[in-house]
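Given next are the chains, with one letter for each unit.
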Number of protein chains: 4
Amino acid sequence: MEHHDNKEGVAILRKERNLWVVGGDLRQVKLAELLMDDGHWVQTYAMERRPSPPELPGSDTLRGIEHADCVILPLPVTVEEGILNTPLSDQKLPLKTLMEALQPGQMVCAGRVTTELKALAQKRGVTLCDYFAREELAIKNAVPTVEGAIQIAMEELPTTLFGTRVLVIGYGRLGKLLAHRLKGLGARVTVSARRYDDLAWIEAYGCWSEHTEQLDGWLGGYQLIINTVPAVVLDGARLHDLDEGTLVIDLASRPGGVDLEAAARLGVKVIWALSLPGKVAPVTAGAAIRDTIYHMWQEMEQ
Amino acid sequence: MEHHDNKEGVAILRKERNLWVVGGDLRQVKLAELLMDDGHWVQTYAMERRPSPPELPGSDTLRGIEHADCVILPLPVTVEEGILNTPLSDQKLPLKTLMEALQPGQMVCAGRVTTELKALAQKRGVTLCDYFAREELAIKNAVPTVEGAIQIAMEELPTTLFGTRVLVIGYGRLGKLLAHRLKGLGARVTVSARRYDDLAWIEAYGCWSEHTEQLDGWLGGYQLIINTVPAVVLDGARLHDLDEGTLVIDLASRPGGVDLEAAARLGVKVIWALSLPGKVAPVTAGAAIRDTIYHMWQEMEQ
Amino acid sequence: MEHHDNKEGVAILRKERNLWVVGGDLRQVKLAELLMDDGHWVQTYAMERRPSPPELPGSDTLRGIEHADCVILPLPVTVEEGILNTPLSDQKLPLKTLMEALQPGQMVCAGRVTTELKALAQKRGVTLCDYFAREELAIKNAVPTVEGAIQIAMEELPTTLFGTRVLVIGYGRLGKLLAHRLKGLGARVTVSARRYDDLAWIEAYGCWSEHTEQLDGWLGGYQLIINTVPAVVLDGARLHDLDEGTLVIDLASRPGGVDLEAAARLGVKVIWALSLPGKVAPVTAGAAIRDTIYHMWQEMEQ
Amino acid sequence: MEHHDNKEGVAILRKERNLWVVGGDLRQVKLAELLMDDGHWVQTYAMERRPSPPELPGSDTLRGIEHADCVILPLPVTVEEGILNTPLSDQKLPLKTLMEALQPGQMVCAGRVTTELKALAQKRGVTLCDYFAREELAIKNAVPTVEGAIQIAMEELPTTLFGTRVLVIGYGRLGKLLAHRLKGLGARVTVSARRYDDLAWIEAYGCWSEHTEQLDGWLGGYQLIINTVPAVVLDGARLHDLDEGTLVIDLASRPGGVDLEAAARLGVKVIWALSLPGKVAPVTAGAAIRDTIYHMWQEMEQ
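Just so we're clear, the structure is a prediction, and the values are computed from it rather than from any experiment.

Taken together, the contacts link 37 residues of chain A with 37 residues of chain D. At the junction of chain A with chain D, the criterion picks out 2 salt bridges. The partner of Glu203(D) in a salt bridge is Lys140(A), with the nearest N and O atoms 3.7 Å apart. Counting the contacts that link chain A with chain D gives 4 residue pairs in polar contact (both at pLDDT 80 or more). Mapped onto the side of chain A that touches chain D, the elements with two or more residues apiece are helix H1 (7-13), helix H5 (135-156), helix H6 (173-184), helix H7 (196-204), strand S8 (208-211) and helix H11 (282-301) of chain A. At 7 residues, the largest contribution of residues to the side of chain A that touches chain D is made by H7(A).

Have a look at this one:
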């Protein structure tokens, strides 16, 4: 649950800020709303096709952004070279244009900052912070990712997750939380990892453990396999071992953890689920960014 | 989890039976498949539009049903007076026709047996058992119902269930399992009940408790309310107290627990979710019927 | 956890009462302290050897008891016929003497009321309530009983409870909570019960289930067995099946659930643990009585 | 739970080894028994006052140790400079004597290896492995440590842990498992840590979080505080803030995390609990060493 008390939140709210939220998807919209709820003065730009809470202000121009205490850019900040990521806008906003609208000394927070943006910011004299580089955001993002994966499994499986034999591959952030939540729903959870200390943790938290390297020949018997490792763990040979009807959910970012061609050939259903936080729980995902930005501000002021 | 050992299952399987599964939805299809997997000789009828595992035999006529050790009818056995419930068939099979195809002394298992069917069975000298009348099936059905409700909540809420404030109204079968599973996902769960012993149980299992009769004025602060009580608990006055954006899921059978007109007027989103087991987890639901029928047979043979 | 808000508590506290707590063990002492904390005027009698929080008043005589709004007697109210149960006092207080010190119309709350006390109360015109007869107190008492049993198991076993195979016999109040708490500690829990609906509940809460009547020959493999059934479930034949070193904890009230002679002969360690709440958690046990008495008052005033 | 299958165990057991277990407390005794159970040939030395399973062989001399495939020394291997740690023996065995009884090339496994022992081993040409240096053993040891701390809390508190407000200081191995197990028992758990990523984990696992550096003034309201940080976190000023009756359990190794003088002055009850695994669960602790040694052998043979 969130912080027991709001000491830090209170301290931050004491100072009302002028914030611009520029670009991004639904979670940036929710982020803007949450910042407004906390008493900040918020302006948005380049999200004009957002669903309509009319209270949230939206600007047609960048005029005024030079007075912002902080400009908040999306996660990821860009998907096309040189252009801001603005799925809720029809315009294409070059990063260069955006940077030039700012004053030297202004603060910009963005997610997955690129070398290009870094260079632009440095040239302009703008302080650039990458909130996605902070481990805490990665953990907070794992919460909706994991719940999204569970939702998909519920939608796809003809059985309940309760009582289902699940193999989670990998014991990083996603693997840890998947194990916890799936157990909470009554699934029978095995987690595979490579390191003996991870195997000790898996067991200490009450799951069964398997060596990832020794999975060959032991992949039968699961009704659901969720991969979290960004390497082709489920190649053709291993997919061949799966029981008929086993569902595979791949949470690994590109290139993914499953040989999709082999899966298609073998008739294994694979769902490659990316970017779940913004899709399944934009409010939670927006709040995660907000909390992380607050912590960054707090550390800067110390 | 299921039985630690399979003493009883083994005993039952020793005797391979001739079974007819007649009518019903996807869970009856799955039930037929599961019975086949256990080594019984299975015939189906009146589910010809089922999805296609071609191994499952299907008959065009009732010929041969007079040799069945047990005829298994759907849950509910009928939705239109005098007619078998056959959503996966184009034909209308009168219960009378079906009964007349049977021999005196044959066994029929059905769910939610009606007075009419009872009379027909008695007249024909057929032994009729209602598997839905057994408490164990109601509990086993609560498992997929509850998971279905959680799936709906995940799909509808813009936040994760993790960290969400949920009120569960009622502490019967559904309320008990909802509390357990929602806590397992990290929701903050309050359950309301009327009796002090139920309140004591709710607290002993680590949830917050509220008196259902004292809910007036205390319904704010929840992001999700799940009703399980078959009486209009959420009337206009109470719906008025909800926070904006609270999602209401009603699991109560007809007439339901929410004043839907008032909800529409107030802009409260209500999802009235019925018959979830067959929809979200037909295999689990079919297995629940199978286990219950096995236990009935076992008791008869003792 | 306790009630989300204190609506009812507030209502009750609005009326400060004159209360006498007479006799009993440490939990009655704690009960008296808790009642004082809630703002009542409390007097105690017949617990003069209690440990010393000096703030708690103690009377040398029964003088003044006739003004009490409620007189609270211990649980159990008597262990020797006709005499109040006063383990913390050197005197013997006949129930008759106590009743004669009261006025007709006064209220007395006691635990496990005997026929004798009922007759005395009726004769004197006193309103007598048995708080132990309320299911809610039995549930609230199960909480410390179960935790006490777990404490004993931790003290006695040379292994952690985590990972230990435990059989809980019986699925009443104690069995339900034992299963929940032991699972919370990471034990591998099997629960035995007789009824199919209980078996369905055991499985729905994620434990393994066994038929109590089919335990013969299946008692090996457990490191800990906790009996909650008040009948000799563990007779010589079954004790013979236990693995060497299996610990048995019997929570069943007299005559207990274990053939102690056979156990001694076979070298099976059995701990028969009675009256745990007052021993392991007197404050929790006192609070349980307080809450129950509050609810009784509340219902009387409605 | 332990490994799903015993692939690795099987591989190791295929090769029966000649093992000497020399010195140590009850967990080394249990370790020797467990190694015997796995089919190895086991000899013990310098634990002659051990409790009596007579099957376990014990030698009066070191003769024959030169044929051992592996010599297993205790954890910690020494508490007095130059002398083996032999709490279950009356003799004092110098490390030097022990090393000289070995042949060059033999393998020795010991816990918390000292510089002195390293030098002796190198001089003798013996392969020395420190099983305590492996993270997996530290995790496996945390399991009984945490359960021991819970046992102490149950013994000392006049309430149940269920419903009790607990503060765990530190989120390393002990903090992580304490949070998990205490929640499993129904305690209300707050964990304090310094790093924002740890705070994010604490919340993601469903506990409340506090900044360790911001605890000043926020230590009231807890009935139990368990410290795991090896630094004086609970100094006089902080102890002063505790509620009357708060129990403090300190799991930090020397110099401990509590100002004991201040605690004595303020009347705060502090239990400084060290070396819990060997005390509360010697079998579990012995099994942890066994598994770790197996993994070391396995890696050597790869």
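Text resumes after the structure shown.
On to H6(A), then. For H6(A), spanning 12 residues, the distance from its first C-alpha to its last is 17 Å, which sits close to the expected 16 Å at 1.5 Å a residue. Among all positions of H6(A), only Leu174(A), Gly175(A), Leu177(A), Leu178(A), Ala179(A), Arg181(A), Leu182(A) and Gly184(A) are buried. Structurally, H6(A) contributes buried residues whose contacts are with H5, strand S6 (165-169), strand S7 (188-193) and strand S9 (224-227) of chain A, helix H6 (173-184) of chain B together with helix H7 (196-204) of chain D. Of the residues trailing H6(A), Gly186(A) is marked for its positive phi of about 90 degrees.

Right, let's get into the pairing of strand S11 (residues 269-272) of chain A. All names here are of chain A. As defined by bridge partners, strand S10 (residues 247-250) adjoins S11 across 4 bridges and the pair is classed as parallel. Considered in S11, the bridge of Leu 247 is made with Lys 269. A crossover connection joins S10 to the parallel S11 through helix H9 (residues 260-266); in handedness this β-α-β unit is right-handed.

This paragraph deals with the interface of chain B and chain D. Listed by partner, the interface residues are 4 residues for chain B and 4 residues for chain D. Of the roughly 270 Å² buried where chain B meets chain D, counting both sides, 74% is carbon and sulfur surface. Applying the counting rule to chain B against chain D returns 0 salt bridges. At the surface where chain B touches chain D, the tally comes to 0 residue pairs in polar contact (both at pLDDT 80 or more). Its residues placed into classes, the side of chain B that touches chain D shows 2 nonpolar, 1 polar and 1 charged.

Moving on, we come to the sheet that holds S11(A). Residue and element names in this part refer to chain A. Strand order in this open sheet of 6 strands is S8-S7-S6-S9-S10-S11, and the pairing throughout is parallel. Because the sheet does not close on itself, it has two edges, and the strands there are S8 and S11. If you compare each strand with its neighbour and ignore which way they point, the axes differ by 20 degrees on average. Note: S6 against S7, 5 bridges, orientation parallel. Paired with Arg 165 across the strands is Arg 188, a residue of S7.

When we look at a pair of aromatic rings, we describe it by the centre distance and by the angle of the planes. Summed over all chains, the structure comprises 10 aromatic pairs over all chains. Between Tyr294(A) and Trp297(A), the aromatic rings sit 5.7 Å apart at their centres with planes inclined by 40 degrees, giving tilted as the arrangement. Of the two residues, Tyr294(A) and Trp297(A) are both situated in helix H11; the distance of 3 residues between them amounts to about one turn of the helix. Each member of the pair Tyr294(A) and Trp297(A) is classed as buried. Every member of this aromatic cluster is reached through a ring pair, and the members are Trp201(A), Tyr205(A), Trp201(D) and Tyr205(D). For the cation-ring pair, Arg17(A) lies above Trp297(A), with the distance from its terminal atom to the ring centre recorded as 4.1 Å.

Looking now at the relation of the copies chain B and chain D. Least-squares fitting of chain B to chain D yields an RMSD of 0.1 Å, with the transformation described by 0.0 Å of translation along the axis and a rotation of 180 degrees. Expressed as an axis order, the relation between the two copies is that of a two-fold axis. Proximity to the rotation axis, assessed at the C-alpha, singles out Gly184(B) in chain B; its C-alpha lies 5.2 Å from the axis. An overlap of 100% is found between the interface residues of chain B and their copies at the interface of chain D, pointing to a shared contact surface.

Superposition of chain A onto chain D requires a rotation of 180 degrees combined with a translation of 0.0 Å along the rotation axis, giving an RMSD of 0.0 Å. Mapped onto chain D, 100% of the interface residues of chain A again fall at the interface, so both copies present the same surface.

Procedures and definitions
Residues numbered from 1 in each chain as written. Chains lettered and ligands numbered in written order. Predicted model: local features only at pLDDT ≥ 70, side-chain atom pairs only at ≥ 80, totals over all residues. Heavy atoms only, no water. Contact = heavy atoms within 4.5 Å. Salt bridge = Lys/Arg side-chain N within 4 Å of Asp/Glu carboxyl O. Polar contact = N/O pair within 3.5 Å; in protein donor to acceptor, adjacent residues only side chain to side chain. Helix = DSSP H or I, 4+ residues; strand = E, 2+ residues; numbered from the N terminus. Expected span 1.5 Å × (residues − 1). Buried < 20%, exposed > 50% of the residue type's maximum accessible area, 1.4 Å probe, protein only. Pairing = 2+ DSSP bridges. Right-handed = clockwise from strand over helix to strand, strands pointing away. Buried area = accessible area lost by both parts, 1.4 Å probe. Nonpolar A, V, L, I, M, F, W, Y, C, P; charged D, E, K, R; others polar. Axes fitted to C-alpha atoms, helices over the stretch in contact; angles between N-to-C directions. Phe/Tyr/Trp six-rings, centres within 6.5 Å; stacked < 30°, edge-to-face > 60°. Lys NZ or Arg CZ within 6 Å of the ring centre and 35° of its normal. Least-squares fit on C-alpha atoms with pLDDT ≥ 70 in both.

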